[in-house]
Amino acid sequence: MKIQSAKVIVTCPGRNFVTLKIETDQGVYGIGDATLNGRELSVASYLEDHVIPSLIGMDPRRIEDIWQYLYRGAYWRRGPVTMRAIAAVDMALWDIKAKMAGMPLYQLLGGRSRDGVMVYGHANGGDIAETVEAVGFYVDMGYKAIRAQTGVPGIKDAYGVGRGKLYYEPADASLPSVTGWDTRKALNHVPKLFEELRKTFGFDYHLLHDGHHRYTPQEAANLGKMLEPYQLFWLEDCTPAENQEAFKLVRQHTVTPLAVGEIFNTIWDCKDLIQNQLIDYIRATVLGAGGLTHLRRIADFASLYQVRTGCHGATDLSPVTMGCALHFDTWVPNFGIQEYMRHTAETDAVFPHDYRFEAGLMYCGEAPGHGVDIDEALAARYPYKPAYLPVARLEDGTMWNW
């Protein structure tokens, strides 16, 4: 068996996605996700100019060898463009191998560790009352875990407050829009949200919150301490993780569980965090961390230190990544939770899939492969549109972490 051809498909059914399709000389094909929010064309170009020419003629069954070839063979490695390109190839090759075996992907990974995958949804509002209402909406849909974000008085376009109950896309303009931030205002306001949520819904539901890299380690520790009475499932991205030792200060001062990793590219980004038990959940993704082949290594390493998975699952990942993630979640022994932001109906039509949501859990399908395909004719009806994530500035105009 040989790789006969491969092509990149860029489509925008509400937001931009980059998909790699690999075809073999035996008529079996697989698809992978290569989306990088705001830099989609960079990954597409890297795939077309550097990766695809190298793949032609290779044996698609040699997944590990091809992964090593693309990783070790890229002298300038570990960046987000390179790792997403590798991830797209890796997803497509696992898809092909599972189809050849006539098995759903999770079977090739080692079989089921659980029947369903607990997921969390995104509830948000312009103020606390709206967020409480939004959490109730997700409770009524059957969710057992819900991330809660609220607008903060005095902060322009606070992070996580979208437009709509189920669907929102933060990459909202052809050039980055400017949002605001004030840490003191957020620290004064966020605990009030969770106090109200626990008063309203009690402690039977898992509640999560995303700091989105906005706080210094000391400020993050302060927030974690203030949130302890409300028993969060986790506090996510409480401080930037470029300096992994920063989490030591947070860990020393709060027992609120910590999660990080959605922007990580390799195991080296989280090695110290995991082995020093500075986090409770690792949020690296199939797409961001170089595919299933590498994410399995991260998960296995994390299991040694009782760190569980909590993969990022926002709409900047296509249904292809979600399908792969659910197969991974179904297998991985140290599973924690899976983020699940719903795609629009247009996106779901372009990427038909067999996974489903029921009573707070997601279930991957039983079709051979990862269970997600692409309707190329429909995809062609949604051309690429430039879209960027926002930036954040403090009240005095200083650039801050978005």
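Keep in mind it's a predicted model, so treat the numbers as computed, not measured. (Residues numbered from 1 in each chain as written. Predicted model: local features only at pLDDT ≥ 70, side-chain atom pairs only at ≥ 80, totals over all residues. Heavy atoms only, no water.)

It is worth spelling out helix α3 (residues 80–101) at this point. Compared with the 32 Å implied by 1.5 Å per residue over 22 residues, the 31 Å span of α3 between its first and last C-alpha is a close match. Taken across its 22 residues, α3 has 17 buried, putting it largely inside the fold. Positive backbone phi, approximately 70 degrees, marks glycine 102, located one or two places after α3. (Helix = DSSP H or I, 4+ residues; strand = E, 2+ residues; numbered from the N terminus. Expected span 1.5 Å × (residues − 1). Buried < 20%, exposed > 50% of the residue type's maximum accessible area, 1.4 Å probe, protein only.)

With that settled, consider the packing of helix α1 (residues 40–55) against α3. Interhelical geometry of α1 versus α3 gives an angle of 55 degrees and a closest axis separation of 10 Å. On the basis of their axis angle, the class for α1 and α3 is oblique. Along this stretch, α1 crosses α3, giving a crossing that reads as right-handed. Of the residues in α3, those in contact with Ser42, Val43, Tyr46, Leu47, Val51 and Leu55 of α1 are Val81, Thr82, Arg84, Ala85 and Val89. Considered class by class, the residues forming the contact of α1 with α3 number eight nonpolar, two polar and one charged. (Axes fitted to C-alpha atoms, helices over the stretch in contact; angles between N-to-C directions. Parallel < 35°, antiparallel > 145°, perpendicular 65-115°, else oblique. Left-handed = near helix turned anticlockwise from the far one by under 90°. Contact = heavy atoms within 4.5 Å. Nonpolar A, V, L, I, M, F, W, Y, C, P; charged D, E, K, R; others polar.)

Within the fold, lysine 271 resides in helix α9 (residues 271–275). Looking at lysine 271, the relative accessible area reads 26%, which means it is partly exposed. Reaching out from lysine 271, the side chain makes a polar contact with the side chain of aspartate 272 at a distance of 3.0 Å. (Polar contact = N/O pair within 3.5 Å; in protein donor to acceptor, adjacent residues only side chain to side chain.)

Across the sheet, three strands lie side by side as β6-β15-β16; this open sheet has mixed pairing. The open sheet has two edge strands with one neighbour each: β6 (178–181) and β16 (399–400). Both strand β15 (residues 391–394) and β16 contribute to a ladder of two bridges, which runs antiparallel. Bridged to arginine 393 within β16 is methionine 399. (Pairing = 2+ DSSP bridges.)

What follows is about unusual backbone geometry. Of note in this structure, aspartate 237 is not a glycine but carries a positive phi near 45 degrees. Mapped onto the elements, aspartate 237 comes out in the loop between β8 (234–236) and α8 (246–253). Given the relative accessible area of 0%, aspartate 237 is considered buried. Residue glutamine 277 is not a glycine yet carries a positive backbone phi of 50 degrees. Of the residues examined, glutamine 277 reaches a relative accessible area of 40% and is grouped as partly exposed.

Moving on, we come to the environment of glycine 365. With respect to the secondary-structure elements, glycine 365 resides in the loop between β14 (361–363) and α13 (376–379). Looking at glycine 365, the relative accessible area reads 8%, which means it is buried. Taking the C-alpha atoms as reference points, glycine 365 and tyrosine 106, separated by 259 residues in sequence, lie 9.6 Å from one another. Beyond its immediate stretch of four places on either side in the chain, glycine 365 contacts Pro104, Tyr106, His327, Asp354 and Tyr355.

Quick look at the pattern of salt bridges now. Scanning the model with the defined rule gives 20 salt bridges in all. With a closest N to O distance of 3.5 Å, aspartate 269 and arginine 78 form a salt bridge. Taken together, the residues aspartate 269 in the loop between β9 (258–260) and α9 and arginine 78 in the loop between α2 (63–72) and α3 connect sequence positions 191 residues apart. For the salt bridge of glutamate 262 with arginine 283, the shortest nitrogen-to-oxygen distance reads 2.8 Å. With glutamate 262 in the loop between β9 and α9 and arginine 283 in the loop between β10 (281–282) and α10 (292–303), this pair connects stretches of sequence that are 21 residues apart. Pair check on accessibility: glutamate 262 and arginine 283 agree, each one buried. Bridged by salt links that share partners, the residues Glu236, Glu262, Arg283 and Glu339 form one connected network. (Salt bridge = Lys/Arg side-chain N within 4 Å of Asp/Glu carboxyl O.)

Attention now goes to the packing of helix α6 (residues 183–201) against helix α7 (residues 217–227). Taken N-terminus to C-terminus, the directions of α6 and α7 make an angle of 20 degrees; their axes are 10 Å apart at the nearest point. Taken together, the axes of α6 and α7 lie roughly parallel to each other. The interaxial crossing formed by α6 with α7 has right-handed handedness. The residues of α7 that touch α6, namely those facing Thr183, Arg184, Leu187, Val190, Pro191 and Phe194, are Glu219, Asn222, Leu223, Met226 and Leu227.

Assigned domains within the protein: domain 1 (3–103) and domain 2 (108–368). Placing the centre of domain 1 and that of domain 2 at their C-alpha centroids yields a distance of 26 Å. Domain 1 puts 32 residues into the contact, and the matching count from domain 2 is 34 residues. Roughly 2600 Å² of surface becomes buried between domain 1 and domain 2 when both sides are summed, with 63% attributable to carbon and sulfur atoms. At the junction of domain 1 with domain 2, the criterion picks out two salt bridges. Inspection of the domain 1/domain 2 interface yields eleven residue pairs in polar contact (both at pLDDT 80 or more). Secondary-structure elements contributing two or more residues to the side of domain 1 that touches domain 2 are β2 (17–24), β3 (29–33), α2 and α3. Here the residues of the side of domain 1 that touches domain 2 sort into 16 nonpolar, eight polar and eight charged. (Domains from an automatic or database assignment. Buried area = accessible area lost by both parts, 1.4 Å probe.)

Turning our eyes to something else, we now look at the packing of aromatic side chains. For any pair of aromatic rings, the description rests on two quantities: the centre-to-centre distance and the angle between the ring planes. By the definition in use, this model includes 15 aromatic pairs. Look at tyrosine 159 and tryptophan 402: their rings are 5.5 Å apart centre to centre, the planes differ by 85 degrees, and that puts the pair in the edge-to-face class. Of the two residues, tyrosine 159 is situated in the loop between β5 (145–150) and β6 and tryptophan 402 in the segment after β16; the sequence distance between them amounts to 243 residues. Overall, the relative accessible area of 15% leaves tyrosine 159 in the buried class. Both rings, one in phenylalanine 301 and one in tyrosine 305, keep their centres 5.4 Å apart while their planes meet at 70 degrees; by these two values the pair is edge-to-face. (Phe/Tyr/Trp six-rings, centres within 6.5 Å; stacked < 30°, edge-to-face > 60°.)

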